[in-house]
Amino acid sequence: MALLGKAALAMWWNMAGPMKPEFEDWHTHEHFPERLSVPGFLRSSRWTANGGGEGVFVIYELDTHGVLSSPTYLSRLNDPTPWSRKLMPYHRDMVRCQSHVLDSHGSLAGRHAVTLRLAGEGADGVDRLCQGLPQRLAALVGRPGVIGAHLLRHETPAIAQTTEQKIRGTPDQVADVVVVLTGYDEAALMAAVEELDDASLRALGASAAPVVGAYTLSHSALPADVA
């Protein structure tokens, strides 16, 4: 698999505009090193919304899904640093998908990323999406401008609400299934997204149109980069 490991934590939120410069400083120089010090965290990558909006997309590649309920990771979530406590309330509209990597082709760290967040029509719809999407995604990789296509399926770990979640103030949202497309040409990625249109996704089991976001790479790091 192109993604490192068998699981991933994918997150989206809106960062209040006046706080964004400090957020990127904190996220790069404190938060990434903290997360990458947790055993099983293999790579961290952050993209920000095209056009300079408030949107942020982050993905942590993980050894296994069990890392998300590991004692070391939970200790971080339940004992955030002072800087984290300051910035967490400005993470608005959090979507947090604690996922298994079902399929992964090509590279992750492209200049551009387009994500699709999908809800399934019940458990059967989620299953059908997960079965039908890999062939569609594999056909997209290798086109001019497209370098990667990755499929994730959310599974909530059996853990209590964490301190970080409480600080953010509103419950985290989830998506049943996530598609991440990466590339060096935004137009090519958006053309690929058009092939994953509402009608075809509903035929595969989606219950609604996908939530689509377009982002530009801000920072990506391995544990050795921030040790």
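Here the structure is a predicted model, which is why all the values come from computation and not from measurement. (Residues numbered from 1 in each chain as written. Predicted model: local features only at pLDDT ≥ 70, side-chain atom pairs only at ≥ 80, totals over all residues. Heavy atoms only, no water.)

1. As for helix H4 (residues 122-138)
Between its terminal C-alpha atoms H4 stretches 25 Å, which fits the 24 Å expected from 17 residues at 1.5 Å a residue. Along H4, the helix axis deviates most sharply at Gly132, where the bend reaches about 30°; the proline Pro134 sits within four residues downstream. Every buried residue belonging to H4 is among Gly125, Val126, Leu129, Cys130, Gly132, Leu133, Pro134 and Leu137, and all of these are buried. The inward-facing, buried residues of H4 abut strand S4 (91-106), strand S5 (112-118), strand S6 (146-154), strand S7 (177-183) and helix H7 (198-204). (Helix = DSSP H or I, 4+ residues; strand = E, 2+ residues; numbered from the N terminus. Expected span 1.5 Å × (residues − 1). Bend = angle between axes of the 7 residues up to and from the residue. Buried < 20%, exposed > 50% of the residue type's maximum accessible area, 1.4 Å probe, protein only. Contact = heavy atoms within 4.5 Å.)

2. So, the state of the cysteines
Tallied over the full model, the rule gives zero disulfides. The cysteine Cys97 is free of any disulfide, with Cys130 supplying the nearest cysteine sulfur at 12 Å. (Disulfide = S-S within 2.5 Å.)

3. Considerations on the nonpolar core
Core analysis: the biggest nonpolar cluster contains 26 residues, and Leu9, Met11, Trp13, Phe41, Tyr60, Leu62 and Tyr73 have the highest contact counts within it. Among the elements of the structure, strand S1 (7-15), helix H1 (20-36), strand S3 (55-62) and helix H2 (71-77) are those that each provide at least two residues to this core. When residues of this core are assigned to their parent elements, the largest contribution, five residues, is made by S1. Excluding anything up to four places from it in sequence, Trp13 contacts Phe23, His27, Glu54, Gly55, Val56, Val58, His91, Arg92, Asp93 and Met94. Formed by 23 residues, the second largest nonpolar core is a distinct cluster that contains Val114, Val179, Leu181 and Ala206. (Core = buried A, V, L, I, M, F, W, Y, C linked by side-chain atoms within 4.5 Å.)

4. Examining unusual backbone geometry
Note: most peptide bonds trans; most residues except glycine with negative phi. We note that Asp93 has phi near 60°; this positive angle belongs to a residue other than glycine. Here Asp93 lies in strand S4.

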